[in-house]
Amino acid sequence: MVTLTLDKLREQVRGDVIAAADPGYDEARKVYNAMIDRRPEVVVRAVNAGDVMASVNFAREGRLPIAIRGGGHSVPGFGTCDGGVVVDLARMRGVHVDPKARTARAEGGATWGDFNAATNAFGLASTGGIVSTTGVGGLTLGGGIGYLARGFGLSLDNLISADVVTADGSFQVASEKENEDLFWAIRGGSSNFGVVTSFEFRVHPVKDIYGGVMFYELKHVGDILRFYRQFISDAPEELGAFPGFQIAPPLPFIPEKLHGETFIVIVGCWAGPVDQGEKAFKPFHDVAPVVAEMVGPMPYPALNSAFDGLYPHGLQHYWKANFVKELTDDAIAAHIEHGAKVPVVNSTVHIYPINGACHRVASDDTAFAYRDANFATVIAGMWPDPAQNQANIKWVRDYYDATAPLSEEGGYINFMAEDDQGRIKANYRGNYGRLVEVKRKYDPDNLFRVNQNIKP
Ligand SMILES: Cc1cc2nc3c(=O)[nH]c(=O)nc-3n(C[C@H](O)[C@H](O)[C@H](O)COP(=O)(O)OP(=O)(O)OC[C@H]3O[C@@H](n4cnc5c(N)ncnc54)[C@H](O)[C@@H]3O)c2cc1C
């Protein structure tokens with residue numbers, strides 16, 4: 001076997017090959033979470049599947065770990081690594097829409113902003129994340145929870161096929177008809193099976209939506225959470241809405257005297273006929289007085305980017321998560337206690353609904369197992385000042401310790417911290433054994449191990 005040298009890799013790659021001595025290395029090794037400071041041997045900014053194949057071969061032959069970077073949002077920093085190869089897909093962000101077939105094909109490094117801009121032009125959309133800067137890649141391969149999930153399922157439920165470069169450096173198409181085992185495993189198994197260079201999605205008629213955010217005083221939090229758990233269980237599936245704890249940022253729609261105070265908010269998206277949006281949101285206005293709101297008709301990509309400013313690149317991140325079947329009174333009490341202590345304006349707790357279409361897929365149809373959970377909770381610690389790391393991590397852990405016993409054992413893989421590796425089996429429940437089998441077939445040496453790892 002010929003071991004590829006860095007010079008050989010540079011010859012093979014059309015994109016950029018950035019090693020430690022090269023200009024731009026420090027920029028190239030950075031990821032979204034500023035707490036992560038790793039030094040890969042080389043960062044390859046791929047521009048096509050061939051570059052990805054060359055990078056995978058280079059890593060395998062050199063026995064180096066590979067970190068795959070899509071949008072770079074992984075909180076544990078799985079988009080980079082020490083002493084290995086980073087396959088950065090940020091130059092592969094093209095999105096091609098086929099309006100007749102109602103499909104859209106996104107390259108492996110596209111963000112949801114890229115995707116939504118391309119599909120909205122045709123009056124189409126698919127389930128993506130809440131903000132526009134998250135990668136289609138990581139979000140889809142772990143699940144994909146967003147405004148449209150109750151109506152159209154998780155992002156991975158809308159996947160028709162994927163182009164995958166596997167550990168042997170070969171190019172595979174994974175779909176219901178080809179490499180079905182691989183297709184099953186990548187729908188939830190994250191980056192354990194290869195580098196996805198292109199995703200083909202089903203898209204649905206959604207252009208303008210009615211949506212936004214409503215702020216309520218904390219004294220109403222119990223009423224709101226008790227109302228929400230019931231309401232969302234049988235609300236029309238065109239409605240995606242979740243409660244959260246949020247410090248009021250200094251925005252013009254919020255009265256100045258409220259800036260810096262903590263509120264319970266509801267963020268919602270009505271993807272049915274826009275003229276029915278006001279009616280769909282009425283229950284949120286009836287439950288308690290709204291003290292500030294930014295709600296109305298808008299293009300779907302506008303809602304998808306409305307909160308981007310709260311989550312800029314370069315914050316410190318530490319997150320924890322659980323799936324929840326029933327939001328019990330005890331769980332609500334724990335949320336009231338810990339949600340009120342949200343430490344900074346960037347941090348938040350969201351309770352996302354994952355019922356509706358997400359429940360119409362069986363637990364073993366894809367690797368994403370928690371099809372009977374009604375909510376995915378995320379405790380998202382995000383703060384600007386590294387001097388505050390200890391205090392912010394403590395808030396997340398205390399919150400998690402109080403709510404975990406009232407939740408399912410597993411949590412959503414995409415919201416988990418690096419110290420959650422011990423929960424991986426619980427996240428996949430009965431699907432774990434089959435995931436190990438598929439891992440043994442496609443990546444027996446665990447080349448793709450910079451992730452919530454499924455060991456072969
Ligand atoms: C601000 C913010 C908001 C978020 N909002 C949501 C939300 O609304 N809904 C939701 O479900 N999740 C959300 N998440 C979580 C998100 O799904 C995960 O962080 C996800 O892993 C990010 O994917 P990425 O491509 O941006 O990140 P990356 O760090 O690039 O990748 C994350 C993981 O996926 C792998 N990966 C990425 N692209 C590929 C690819 N093309 N092929 C193979 N492996 C790949 C990486 O190797 C890594 O293991 C959010 C995260 C952040 C930070």
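Refer to the structure above for everything that follows.
## Considering the environment of Thr111
Relative to the helices and strands, Thr111 is located in the loop between β6 (103-107) and α4 (112-120). Separated by 41 residues in the primary sequence, Thr111 and Phe152 have C-alpha atoms spaced 19 Å apart. In this structure Thr111 touches Arg93, Ser132, Thr133, Thr134, Gly135 and Val136, once residues within four positions along its chain are discounted.

## Here's the deal with the packing of aromatic side chains
Enumeration according to the criterion identifies 21 aromatic pairs in this entry. With centroids separated by 6.0 Å and ring planes inclined at 55°, the aromatic side chains of Trp112 and Phe201 adopt a geometry described as tilted. Of this pair, Trp112 sits in helix α4 while Phe201 sits in strand β10 (residues 195-202); the two residues are 89 residues apart in sequence, bridging distant segments of the chain. We note that Trp112, like Phe201, is buried. Directly above the aromatic system of Tyr370 lies the positively charged group of Arg429, at a separation of 3.8 Å from the ring centroid.

## Re the site of the ligand
As a structural note, the neighbourhood of the ligand is formed by 32 residues, with Ile68, Gly70, Gly72, Ile145 and Tyr412 the closest of them. Taking Ile145, its main chain carries an N or O atom lying 2.6 Å from a nitrogen atom of the ligand. Contact with the protein chains removes 98% of the 940 Å² of surface that the ligand exposes when unbound. At the level of secondary structure, the elements contributing two or more residues to the shell around the ligand comprise β3 (66-69), α5 (136-142) and β10. It is α5 that contributes the most residues to the shell around the ligand, 4 residues altogether.

## Some thoughts on the sheet that holds strand β18 (residues 375-383)
Here we have 7 strands laid out as an open sheet, ordered β15-β12-β14-β13-β17-β18-β16, and antiparallel in their pairing. In the strand order of this sheet, the two ends are held by β15 (292-299) and β16 (316-324), each with one partner. Taken over all neighbouring pairs, the strand axes of this sheet differ in orientation by 15° on average, direction set aside. By the bridge criterion, 9 bridges tie β16 to β18 in an arrangement that is antiparallel. Residue Trp319 lies in a different strand from β18, and its bridge partner there is Ala380. Sheet contacts for helix α11 (residues 329-339): β13 (239-247), β14 (262-270), β17 (348-353) and β18; angle to β13, the most-contacted strand, approximately 45°. Sheet strands touched by helix α12 (residues 389-403): β13, β16, β17 and β18. Its angle to β18, the strand with the most contacts, is close to 165°.

## Here's the deal with the pattern of salt bridges
Any two side chains of opposite charge can pair, so long as their charged atoms come close to each other. In this structure the tally under the stated criterion is 31 salt bridges. A salt bridge links Arg29 to Asp26; the nearest nitrogen and oxygen atoms lie 2.8 Å apart. Residue class for Asp26 comes out partly exposed when judged on its relative accessible area of 45%. Arg371 serves as the salt-bridge partner of Asp157, at 2.8 Å between the closest nitrogen and oxygen. With Asp157 in the loop between α6 (149-152) and β8 (159-165) and Arg371 in the loop between β17 and β18, this pair connects stretches of sequence that are 214 residues apart. The burial state of Asp157 is the same as that of Arg371; both residues are buried. The structure contains a network of salt bridges with shared partners spanning Lys320, Arg397, Asp419, Asp420 and Arg423.

## Describing the sheet that holds strand β2 (residues 42-45)
One open sheet accounts for 4 strands, arranged β1-β2-β4-β3; its pairing is mixed. Where the open sheet ends on each side, the last strands, each with one partner, are β1 (16-19) and β3. Across the sheet, the axes of successive neighbouring strands diverge by a mean angle of 15°, strand direction being ignored. Packing against the sheet, helix α3 (residues 49-61) makes contact with β2, β3 and β4 (85-88), and its axis sits at approximately 170° to β4.

## Quick notes on the side chain of Thr140
Examined against the element boundaries, Thr140 turns out to sit in helix α5. From its side chain, Thr140 meets the backbone oxygen of Val136 in a polar contact 2.7 Å long. Beyond its immediate chain neighbours, meaning those up to four positions away, Thr140 contacts Trp112, Ser155, Leu156, Leu159, Phe199 and Phe201.

## Digging into the nonpolar core
Ranked by size, the top nonpolar core spans 87 residues in total, and within it Tyr147 and Phe284 carry the most contacts. When residues no more than four places from it in sequence are discounted, the contact partners of Tyr147 are Gly128, Ile130, Gly240, Phe242, Val267, Cys269, Tyr300, Leu303 and Phe307.

## Side note on the packing of helix α8 (residues 221-234) against α11
For any two helices packed against each other, one specifies the inter-axial angle together with the distance between the axes. Where α8 contacts α11, the two axes come as close as 10 Å, and the packing angle between them is 140°. Comparing their axes, α11 and α8 come out oblique. Considering the relative orientation of α8 and α11, their crossing is right-handed. Residues Val221, Gly222, Leu225, Arg226 and Arg229 of α8 touch α11, and the partners they reach there are Asp329, Ile332, His335 and Ile336. The residue makeup of the contact of α8 with α11, split by class, is 4 nonpolar, 2 polar and 3 charged.

## Re the side chain of Asp308
Within the element layout of this structure, Asp308 appears in the loop between α10 (300-305) and β16. Buried within the structure, Asp308 lacks any salt-bridge partner; Arg93 is the closest side chain of opposite charge, at an N-O distance of 9.9 Å. Apart from the residues lying within four places of it in its own chain, the contact partners of Asp308 are Val131, Ser132 and Thr133.

## Digging into the pairing of β8
Burial within β8 is extensive, with 6 of its 7 residues counted as buried. With 5 bridges joining them, β8 and strand β9 (residues 171-175) adopt antiparallel strand pairing. Across the sheet, residue Asp163 finds its bridge partner in β9, namely Val173. The hairpin formed by β8 and β9 contains 5 residues between the paired strands, and Gly169 there has a positive phi angle of roughly 80°.

Cut-off values and rules
Within every chain, residues take consecutive numbers counted from 1 along the sequence as written. It should be noted that, the model being predicted, local features are given only for residues of pLDDT at least 70 and side-chain atom pairs only at 80 or more, the latter also being counted only at that level, while totals for whole chains, interfaces and linings use all residues. Excluding hydrogens and water, the side-chain values take into account all heavy atoms of the structure. Helix and strand assignments follow DSSP, with helices taken as H or I runs no shorter than four residues and strands as E runs no shorter than two, numbered in order from the N terminus. Residue contacts are defined here by distance: any two heavy atoms, one from each residue, within 4.5 Å place the two residues in contact. Aromatic rings from Phe, Tyr and Trp, with only the six-membered ring used for Trp, were paired whenever their centres fell within 6.5 Å, and each pair was classed as stacked if the ring planes differed by under 30 degrees, edge-to-face if by over 60, and tilted otherwise. In this scheme, a residue with accessible area under 20% of its type's maximum is buried, one over 50% is exposed, and one in between is partly exposed, where area comes from a 1.4 Å probe on protein chains only. We count a charge as sitting over a ring when the NZ of a lysine or the CZ of an arginine lies within 6 Å of the ring centre and within 35 degrees of the ring normal. Throughout this document, a residue counts as near a molecule or strand when at least one of its heavy atoms sits within 4 Å of that molecule or strand. Between N or O atoms, a polar contact is any pair within 3.5 Å; within protein, one atom must be a potential hydrogen donor and the other a potential acceptor, and residues adjacent in sequence are included only when both atoms are from side chains. Here the accessible surface of atoms and residues is derived via Shrake-Rupley with a 1.4 Å probe, and residues count as covered only by protein chains that are part of the display. Pairs of strands are assigned from DSSP output, requiring at least two bridges between the strands. Orientation is described by axes fitted as lines to C-alpha atoms, over the contacting stretch for helices, and by angles from 0 to 180 degrees between their N-to-C directions. The working definition used for a salt bridge is a side-chain nitrogen of Lys or Arg within 4 Å of a carboxyl oxygen of Asp or Glu. Here, nonpolar core means buried Ala, Val, Leu, Ile, Met, Phe, Trp, Tyr and Cys residues that are tied together by side-chain atoms lying within 4.5 Å of each other. Here the angle decides the label: under 35 degrees means roughly parallel, over 145 means roughly antiparallel, 65 to 115 means roughly perpendicular, and every other value means oblique. Note: crossing handedness is left-handed where the near helix turns anticlockwise from the far helix by less than a right angle, and right-handed where it turns clockwise. For this classification, Asp, Glu, Lys and Arg are treated as charged, while Ala, Val, Leu, Ile, Met, Phe, Trp, Tyr, Cys and Pro are nonpolar and the rest, including Gly, are polar. This count recognises Lys and Arg as positive and Asp and Glu as negative, with His and chain-terminal groups excluded.

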